[in-house]
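Residue-level structural notes
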Amino acid sequence: MKRRIFIQNGATALAALPLVSFGSTTNQTADKPAWLVEWIKIYDESIANYHALKVTDANHVYAGGYKDDTDIPNPHTTCGFLITASMLMSCPESKHYQSPALLKEIEAAAQCMLKMQHSDGTIDLLSTNFHSTPDTAFVLENMVPTYRYLKKMSLKGREKSIELVTKFLKNAGEALIVGGIHTPNHRWVVSAALTKLNELFPDVRYVKRIDQWLAEHIDIDPDGQYNEKSTNTYSPIVNRSLIIMAKGLRKPELLEPVRRNLVMTTYFVHPNGEVVTEASNRQDKGTIGNMSRYYYCYRYMALHDKDGLMAAMCRQIEQTSTKAQLAGYLDYFLEDPSLWDELPASKPLPTSYAKAFPYSGVVRIRRENWDATILAKNAAWLTFHKGNSVLQAMRVAASFFGKGQFQTEKIEQEGDTWVMTQTLDGPYYQPLAADKIAPDGDWDKMPRADRPQSEVQKLTSTVRIKEVAGGLDVQVELTGTEGVPVSLELIFRAGGELSGVVPYAKRANAYLLEGEQGTYTLNGDVIRFGKGRAEHKGVVLRGALPPMEAPTVYLTGFTPFTHTLRLG
């Protein structure tokens, strides 16, 4: 669920906007740089998209509020409208500046937010969380700026809206000083919200609650990653929260984990600007996303520290994100004019490396236009990107007692090779000793652990990955019990074209590699893979994970199975 709502125009309309350099200081309005004014114009156009979501029935309990795409009125969409409308009304560059009509809608939405707020000060995330302190903190990311923008206006009649928003904020504060959390990042989101509240309405109870959470220490590991490893969602949220706390509480030490995470993340970027997500512990695992969510954090740290690496990442994000994505945190840039300053000179970003992140269970290899991610604790243990052409997963399984899906606990380095190993047993069980037999014959009362084992079968699976010129050699070896069917999957991202492979008629998106080499091509970027092996057509084995809904090439065989596949 996206807690922060930004409703965008279509891509065609956004693309029609002129490209403005982020270094430009010309064409400014009220000292704002031209690129910031362009962001305001994007919001000018996007606010119309809220019209279809508004609850217009005056008799509806949530009249004046806003619905999500399932037609459910909710506080997240409603506060998204509030920040958008109030922000535009406070910007002289907006066509909605000081709009009396928009002020009426703001007042109605603020009334609705109070109706959606429980007596304990919390709101609901209707897809999962009820009376939720963390989700109350998430909506304050929009409601606090809404208050600031309303206070900044000189428009007559805004007083009622300010009164309503103030009541919501103070009610929320009562929830945040006592309410609990679910996940590591929630502590910092709640603390950041309390920091913002304390700036508006100083209260020692806010600071005391923040100190309780900070006493648990920031959950950053020696790799520089946060506990949830959520590169496409929660890591940038944590960074943003820590920056808010560092500024508002005058605790510059809270910027240190931000620095460490942002430096680490420079090694988690694919050549096309996407972020590596496969190691995440959260719902963004395996999702596709660029680095736009990190833009504010990199820009803040680049300017704060005069850091060329951070500045270089800002410039790369500008080139690999849409203008609408960059504008998503416009309110942060309006609040802090120091972010409008010119970035320092860039320092080179890492684009050629082989680097292990053992606490994340990740090895990253990148050589300019191609990169690979090796993953522990993940059945999809290898990805390979070459420009926009993507092998999004490699998996291997054997039909070994219904548990033959390969996954390893760790990645070890042996010279120039990365090695992953899994060992499985497949025992049979003998009759129980007389004193272990349940008198009523109930099978569940006679556990396997009490039975002697016999005819124990073994399967050892080893994957060795070695860098070669232009790519990787991937050796897959399964030994032990002989004659066990094996299926190796190469799962590509949809949208490209496969060649050199044979369609498998019994399954959609399934192909066999029988020859020396196959290719996968997207937008001129080509991944080559081979050689092939097709000893049977049991591509989806018992005990293996179900096939992904994506073009998948299979190599098949039987144990003892040793095969080396070159990717490049």
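Each remark here, short or long, concerns the structure printed above.
Residues numbered from 1 in each chain as written. Predicted model: local features only at pLDDT ≥ 70, side-chain atom pairs only at ≥ 80, totals over all residues. Heavy atoms only, no water.

So, the environment of Ser 132
Spelled out, the test is: Starting at the N terminus, helices and strands are each numbered in turn, a helix being any DSSP run of H or I of at least four residues and a strand any DSSP run of E of at least two. What makes two residues a contact is simply this: any of their non-hydrogen atoms within 4.5 Å. Identification of polar contacts relies on pairs of N or O atoms within 3.5 Å, with a donor-acceptor requirement for protein atoms, meaning one able to donate a hydrogen and the other able to accept it, and with residues adjacent in sequence counted only if both atoms are side-chain atoms.
Along the chain, Ser 132 turns up in strand β2 (residues 129–132). Contact partners of Ser 132, with chain neighbours within four places excluded, come to Thr 122 and Ile 123. Separated by 2.6 Å, the side chains of Ser 132 and Asp 135 make a polar contact.

Quick look at the sheet that holds strand β3 (residues 352–357)
Put simply, the rule is: At least two DSSP bridges between two strands are required for those strands to pair.
Strand order in this open sheet of 9 strands is β3-β4-β5-β6-β7-β12-β18-β15-β14, and the pairing throughout is mixed. If you trace the sheet from one side to the other, it starts and ends with β3 and β14 (502–503), each paired once. One ladder, built from 2 bridges, connects β14 with strand β15 (residues 510–512); its direction is antiparallel. Bridge pairing links Pro 503 to Tyr 511 in β15.

Observations concerning helix α12 (residues 308–320)
Each turn of an α-helix holds 3.6 residues, which means side chains three or four residues apart point in the same direction. In plain terms, the rule: Expected helix span is taken as 1.5 Å per residue step, with the number of steps being one fewer than the number of residues. Each residue is assigned to one of three classes by its accessible area relative to the maximum for its type, calculated with a 1.4 Å probe on protein chains only: buried under 20%, partly exposed between the two thresholds, exposed over 50%.
Its 13 residues give α12 an end-to-end C-alpha distance of 18 Å, which sits within 8% of 18 Å, the value for a rise of 1.5 Å per residue. Looking only at α12, the buried set comprises Gly 308, Leu 309, Met 310, Ala 311, Ala 312, Met 313, Cys 314, Ile 317 and Glu 318. Residues of α12 that are buried make contact with α10 (255–265), α11 (295–305) and α13 (323–326). Near the N-terminus of α12, the side chain that reaches the backbone nitrogen of Leu 309, with its oxygen 2.8 Å away, is that of Asp 307.

Considering the nonpolar core
Selection criterion: As used here, the term nonpolar core means buried Ala, Val, Leu, Ile, Met, Phe, Trp, Tyr and Cys residues forming a set that is joined through side-chain atoms within 4.5 Å.
With 107 residues, the main nonpolar core has Leu 140, Leu 169 and Phe 333 as its most contacted residues. Examining the composition of this core, we find that 9 residues originate from one element, helix α5 (residues 133–152), more than from any other. Aside from chain neighbours lying at most four places away, what touches Leu 169 is Leu 140, Met 143, Val 144, Tyr 147, Leu 197, Leu 200 and Phe 201. In this structure, Met 394, Leu 424, Ile 465 and Val 476 belong to the second largest nonpolar core, which totals 42 residues.

Considering α10
Along α10, the residues that are buried comprise Leu 255, Pro 257, Val 258, Asn 261, Leu 262, Met 264 and Thr 265. Buried-residue contacts for α10 involve α9 (234–248), α11, α12 and β3.

Comments concerning the layout of surface pockets
To keep it simple, the criterion reads: Only protein atoms enter the 1 Å grid used here. Points where a 1.4 Å probe fits but cannot escape make up a cavity, open sets with protein on both sides within 12 Å along at least five of seven lines make up a pocket, and a residue lines them when an atom lies within 4 Å of a point. Grid points are joined across faces, edges and corners, and a volume is the space filled by probe spheres set on the points.
Quantified by volume, the second largest pocket comes out at close to 320 Å³. The wall of the second largest pocket is formed by 21 residues, among which Tyr 359, Ser 360, Gly 361, Ala 376 and Lys 377 lie closest to the centre.

Some points on the pattern of salt bridges
Convention followed: Salt-bridge detection follows one rule: a side-chain nitrogen of Lys or Arg within 4 Å of a carboxyl oxygen of Asp or Glu.
Under the criterion given, the structure shown has 29 salt bridges. Where Glu 228 meets Arg 282, a salt bridge forms, and the shortest distance between an N and an O atom there is 2.4 Å. Residue Glu 228 is found in the loop between α8 (204–214) and α9, and its partner Arg 282 is found in the loop between α10 and α11; the two are separated by 54 residues along the sequence. The buried category is assigned to Glu 228, whose relative accessible area is 5%.

Points about the packing of aromatic side chains
Here the distance between the centres and the angle between the planes together describe a pair of aromatic rings. Put simply, the rule reads: Working definition: a ring pair exists when centres of Phe, Tyr or Trp rings (six-membered ring for Trp) sit within 6.5 Å. Plane angles under 30 degrees give stacked, over 60 give edge-to-face, the rest tilted.
Going through the model one piece at a time under the given rule, you end up with 23 aromatic pairs. Ring geometry for Tyr 296 against Tyr 332: centres 4.7 Å apart, planes inclined by 50°, an arrangement best described as tilted. Linking Tyr 296 in helix α11 with Tyr 332 in helix α14 (residues 330–335), this pair joins segments that are 36 residues apart in sequence. For the pair shown, Tyr 296 and Tyr 332 are each scored as buried. Ring centres 5.2 Å apart and planes at 40° place the aromatic pair Phe 492 and Phe 529 in the tilted group. One end of the pair, Phe 492, is in strand β12 (residues 485–492); the other, Phe 529, is in strand β17 (residues 525–530), and 37 residues separate them in sequence. A residue is classified by how much of its surface remains accessible, and Phe 529, at 0% relative accessible area, is buried. Feature note: the residues Trp 35, Trp 39, Tyr 295, Tyr 296, Tyr 300, Tyr 329, Tyr 332 and Phe 333 constitute an aromatic cluster, connected by ring pairs.

Points about the sheet that holds strand β16 (residues 518–522)
To be explicit about the condition: Every angle, taken between N-to-C directions, lies between 0 and 180 degrees, and every axis is a line fitted to C-alpha atoms, over only the stretch in contact when it is a helix.
The strand order across the open sheet built from 8 strands is β8-β9-β10-β11-β19-β17-β16-β13, with neighbouring strands paired in antiparallel fashion. If you trace the sheet from one side to the other, it starts and ends with β8 (412–414) and β13 (497–499), each paired once. This sheet shows a mean twist of 20° between the axes of neighbouring strands, independent of strand direction. Pairing of β17 with strand β19 (residues 561–567), which is carried by 2 bridges, proceeds in the antiparallel orientation. Across the sheet, the residue bridging to Phe 529 is Leu 567, located in β19.

Notes on empty space enclosed by the protein
Quick reminder of the rule: Classification convention: Asp, Glu, Lys, Arg as charged; Ala, Val, Leu, Ile, Met, Phe, Trp, Tyr, Cys, Pro as nonpolar; all other residues, Gly among them, as polar.
Tallied over the entire structure, the rule returns 6 cavities of 30 Å³ or more. Empty space within the largest cavity amounts to approximately 210 Å³. If you trace the largest cavity, you find 18 residues lining it, with Glu 141, Ala 192, Lys 196, Ile 244 and Tyr 332 closest to the centre. In terms of residue count, the dominant contributor to the lining of the largest cavity is α5 (7 residues). Counted by class, the lining of the largest cavity contains 11 nonpolar, 1 polar and 6 charged residues.

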